[in-house]
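Residue strings, one per chain:
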Amino acid sequence: MAERKATIPSLVIEAWRAAPRVLRRLAIWMWAIGFPAGALLIVADLRGWWDGYQFIPDVAAEVLSGMLTLPIALVIIGQLAEYQVKALERERLDSRFVSTRRQLVTAARITREQIEGVTRDVEASTNEFVRAAKIDDGQLVDPIAANAAAHTLHTQMDGRQWLMYERIMTPLRILGSHLQTLLLERDRDGDLTEETTRFARLWLDLESALAAQRHIMAIGQNLFGQQPALYPRSVAKADRLRDVAVEHVRTIDRLTELCRELEDQAGGEQPSLTR
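Residues numbered from 1 in each chain as written. Predicted model: local features only at pLDDT ≥ 70, side-chain atom pairs only at ≥ 80, totals over all residues. Heavy atoms only, no water.

A. Up close: the overall build of the protein. Helix and strand content of the protein: seven helices and two strands. Starting at the N terminus, the α and β elements of the protein follow one another as α-α-α-β-β-α-α-α-α. The burial tally for the protein puts 34% of its 275 residues in the buried class. Taking all contacts inside the protein whose residues are at least 6 apart in sequence as the whole, residues at least 24 apart take part in 77%. Entry remark: accessible area of the protein is about 16500 Å², with carbon and sulfur atoms responsible for 57%. (Helix = DSSP H or I, 4+ residues; strand = E, 2+ residues; numbered from the N terminus. Buried < 20%, exposed > 50% of the residue type's maximum accessible area, 1.4 Å probe, protein only. Contact = heavy atoms within 4.5 Å. Areas by Shrake-Rupley, 256 points an atom, 1.4 Å probe, with all protein chains shown as cover.)

Listed below in structure tokens is the structure:
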């Protein structure tokens with residue numbers, strides 16, 4: 001959205017329109033009395049009606065000054081002060097947004113690199129299991145290697161491994177939630193921008209991917225934890241374990257992909273918050 005240039009006349013007009021109706025009525029009423037009274041006082045002064053009086057003209061001038069300037073102070077200056085406060089809040093919000101966005105880029109990159117390191121080990125174990133669990137003439141090609149790989153996969157899917165993913169993702173989740181709050185705060189006076197809705201969809205995808213990974217790890221922990229996981233003729237179970245192992249890799253790849261998307265979106269050229 002293009003930023004509208006603020007000028008003194010436009011600020012005065014906006015302040016008048018934004019003022020409560022009761023204040024505007026009070027201002028009009030005081031000005032309706034003050035201006036004719038001011039004209040009358042000028043005529044009286046020119047004709048010498050105040051000769052011999054000192055206190056009364058001073059009181060009349062003070063009252064007239066108050067009737068003409070008080071509405072300005074209540075309606076115009078008050079609204080301009082509020083506008084200045086909002087401008088300062090927008091500047092601070094803009095500064096927080098830029099800082100949080102930079103931190104999110106760093107956190108997304110670090111998270112992605114850590115997950116990629118885990119992925120290499122999981123992919124190696126999965127490839128070995130898929131190779132050993134192939135079916136040839138109604139039985140496993142290499143049941144000993146398949147059970148060894150199954151044991152490794154079970155270790156990679158247990159609860160402690162999930163806690164490791166939680167620790168890896170925590171800084172990114174904190175910064176992402178904070179950035180989403182800043183975007184919503186920016187858009188609170190109008191419709192949500194495309195940037196806000198796009199980030200919200202991406203963040204929802206990330207949370208969904210985490211939930212999917214936790215689900216598949218719980219299934220794999222149960223299936224691969226049986227000893228032995230496979231017998232030479234466990235054809236149906238071998239197919240089931242193979243599907244779970246491959247899906248496990250896919251969920252990790254999905255997390256990596258979403259971290260990269262977060263990194264690109266937060267690090268891309270973005271409009272300023274100040275409008």
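Alright, that's what it looks like, and here's the rest.
B. How the structure looks around unusual backbone geometry. For the bond running from Gln-227 to Pro-228, omega is -10°, close enough to zero to count as cis. The topology assignment puts Pro-228 in the loop between α6 (194-224) and α7 (235-267).

C. Molecular detail of the nonpolar core. Core analysis: the largest hydrophobic core is formed by 51 residues, its most contacted members being Phe-129, Leu-172, Leu-206, Phe-224, Leu-230 and Leu-262. When contributions to this core are tallied by element, the ones reaching two or more residues are α3 (55-132), α4 (143-156), α5 (159-186), α6 and α7. Not counting chain neighbours up to four residues away, the residues in contact with Phe-224 comprise Phe-129, Ala-150, Leu-153, His-154, Met-157, Ala-229, Leu-241, Val-244 and Ala-245. (Core = buried A, V, L, I, M, F, W, Y, C linked by side-chain atoms within 4.5 Å.)

D. Focus on a nonpolar patch on the surface. Together, Leu-26, Trp-29, Ile-33, Leu-70 and Leu-74 make up an exposed nonpolar region whose accessible area comes to about 450 Å². Going through the elements one at a time, α2 (21-46) and α3 are the ones with two or more residues in the nonpolar patch. Mapped onto the elements of the fold, Leu-26 is located in helix α2. Of the residues examined, Leu-26 reaches a relative accessible area of 34% and is grouped as partly exposed. (Patch = residues over 30% accessible without salt bridge, like charges linked within 9 Å, V, L, I, M, F, W, Y side chains within 5 Å. Salt bridge = Lys/Arg side-chain N within 4 Å of Asp/Glu carboxyl O.)

E. The side chain of Arg-112, seen in detail. Secondary-structure assignment places Arg-112 in helix α3. The residues contacting Arg-112, other than those within four sequence positions of it, are Thr-256, Cys-259, Arg-260 and Glu-263.

F. Local environment of the packing of α4 against α6. Here α4 crosses α6 at 140°, and the two axes come no closer than 8 Å. Comparing their axes, α6 and α4 come out oblique. Seen along the crossing, α4 lies across α6 with a hand that is left-handed. Residue-level inspection shows Ala-150, Leu-153, His-154 and Gln-156 of α4 in contact with α6, the latter providing Met-217, Gln-221 and Phe-224. For the contact of α4 with α6, the class distribution of residues is four nonpolar, three polar and no charged. (Axes fitted to C-alpha atoms, helices over the stretch in contact; angles between N-to-C directions. Parallel < 35°, antiparallel > 145°, perpendicular 65-115°, else oblique. Left-handed = near helix turned anticlockwise from the far one by under 90°. Nonpolar A, V, L, I, M, F, W, Y, C, P; charged D, E, K, R; others polar.)

G. Main features of the side chain of Ser-125. In this fold, Ser-125 is placed in helix α3. Of the residues examined, Ser-125 reaches a relative accessible area of 11% and is grouped as buried. Other than its neighbours up to four places away in sequence, Ser-125 contacts Ala-149, Thr-152, Leu-153 and Gln-156.

H. Main features of the packing of aromatic side chains. According to the stated counting rule, one finds two aromatic pairs in the structure shown. Judged by centre distance (5.4 Å) and plane angle (75°), the ring pair of Phe-129 and Phe-224 falls under edge-to-face. In this pair, Phe-129 is assigned in helix α3 and Phe-224 in helix α6, connecting sequence segments 95 residues apart. With respect to burial, Phe-129 and Phe-224 carry one shared label: buried. Residues Phe-199 and Trp-203 carry aromatic rings whose centres are separated by 6.0 Å and whose planes lie at 10° to one another, so their mutual orientation is stacked. Note that Phe-199 and Trp-203 are positioned in helix α6 at a spacing of four residues, about one turn of the helix. With relative accessibility at 3%, the residue Phe-199 sits in the buried group. Judged by relative accessible area, which is 6%, Trp-203 ranks as buried. (Phe/Tyr/Trp six-rings, centres within 6.5 Å; stacked < 30°, edge-to-face > 60°.)

I. Broad picture of the pattern of salt bridges. Applying the stated criterion across every chain, the model contains 12 salt bridges. Salt-bridge contacts for Arg-112 lead to Glu-263; the nearest nitrogen and oxygen are separated by 3.2 Å. You can see Arg-112 sitting in helix α3 and its partner Glu-263 sitting in helix α7, a full 151 residues away along the chain. For Glu-263, a relative accessible area of 16% puts it in the buried group. Among the salt bridges present, the one from Asp-158 reaches Arg-160, with a minimum N-O distance of 3.3 Å. What makes Arg-160 exposed here is its relative accessible area of 66%.

J. Examining the packing of α5 against α6 more closely. With their axes 10 Å apart at the nearest point, α5 and α6 run at an angle of 165° to one another. When the axis of α5 is compared with that of α6, the two are roughly antiparallel. Of the two elements, α5 crosses α6, and the hand of that crossing is left-handed. Residue classes in the contact of α5 with α6 are distributed as 13 nonpolar, eight polar and six charged.

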